[in-house]
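# Tertiary structure, described
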Amino acid sequence: MLSIITAVIVGLVMGAIVYGADRLIHTKSFVVLGCDLVFGALGAYSGTYLVNYGPHLLGVDILPTLAGGIVLSFVVTYALRRFVFKKAVA
């Protein structure tokens, strides 16, 4: 149970980082923020259980957790900006 909570917390942080980077380029959007947080947590959770590599912290593999959170929230941010909001993505 602790590993699930740790993965979700790391994913929320990664989603917030991706949203912060997106916020530097585009305007504020609560839809993008919500999707980044949710999919960051989902990516971190799935990354830690699909790949077994790297150092461990509180029952999770750090590198797959970080990569899963960043990659999935970046993909969702790009897809929302490009296809839903129909804006040019830098």
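Residues numbered from 1 in each chain as written. Predicted model: local features only at pLDDT ≥ 70, side-chain atom pairs only at ≥ 80, totals over all residues. Heavy atoms only, no water.

### Let's talk about helix 2 (residues 30-50)
Rules: Every helix listed is a DSSP run of H or I at least four residues long, and every strand listed is a run of E at least two residues long, numbered separately from the N terminus. In this scheme, a helix's expected span is set at 1.5 Å multiplied by one less than its residue total. The contact criterion used throughout is that any non-hydrogen atoms of two residues lie within 4.5 Å.
For helix 2, spanning 21 residues, the distance from its first C-alpha to its last is 30 Å, which sits close to the expected 30 Å at 1.5 Å a residue. Of the surrounding secondary structure, the elements contacted by the buried residues of helix 2 are helix 1 (2-25), strand 2 (60-61) and helix 3 (62-84).

### Thoughts on the side chain of Ser29
Formally: Here's how the labels work: a residue is buried when its accessible area is under 20% of the maximum for its type, exposed when over 50%, partly exposed in between, all with a 1.4 Å probe on protein chains only.
Looking at the secondary structure, you find Ser29 in the loop between helix 1 and helix 2. Overall, the relative accessible area of 10% leaves Ser29 in the buried class. In contact with Ser29, other than residues within four places in its own chain, are Tyr19, Arg81 and Phe85.

### A short note on the pattern of salt bridges
Note the following rule: Here a salt bridge means any side-chain nitrogen of Lys or Arg lying within 4 Å of a carboxyl oxygen belonging to Asp or Glu.
Evaluation of the coordinates by the stated rule reveals 1 salt bridge. Residues Arg81 and Asp22 are paired through a salt bridge, measuring 2.8 Å at the closest nitrogen-oxygen approach. Residue Arg81 is found in helix 3, and its partner Asp22 is found in helix 1; the two are separated by 59 residues along the sequence. For Asp22, a relative accessible area of 7% translates into the label buried.

### Focus on the packing of helix 1 against helix 3
As a reminder of what qualifies: Axis definition: a line fitted to C-alpha atoms, over the contacting stretch in the case of helices. Angles run 0 to 180 degrees between N-to-C directions. Oblique is the label for any angle not covered by the other classes, which are roughly parallel (under 35 degrees), roughly antiparallel (over 145) and roughly perpendicular (65 to 115). Here a crossing is taken to be left-handed if its near helix is turned anticlockwise relative to the far helix by less than a right angle, and right-handed if that turn runs clockwise. Residues are grouped as follows: nonpolar covers Ala, Val, Leu, Ile, Met, Phe, Trp, Tyr, Cys and Pro; charged covers Asp, Glu, Lys and Arg; every other residue, Gly included, is treated as polar.
The geometry of helix 1 relative to helix 3 is characterised by a closest axis approach of 8 Å and an angle of 40 degrees between their N-to-C directions. It follows that helix 1 is oblique to helix 3 by the angle criterion. Handedness of the helix 1/helix 3 crossing: right-handed. The residues of helix 3 that touch helix 1, namely those facing Ala7, Val10, Met14, Gly15, Val18 and Asp22, are Thr65, Leu66, Gly69, Ile70, Ser73, Phe74, Thr77 and Arg81. Grouping the constituent residues of the contact of helix 1 with helix 3 by class yields 7 nonpolar, 5 polar and 2 charged.

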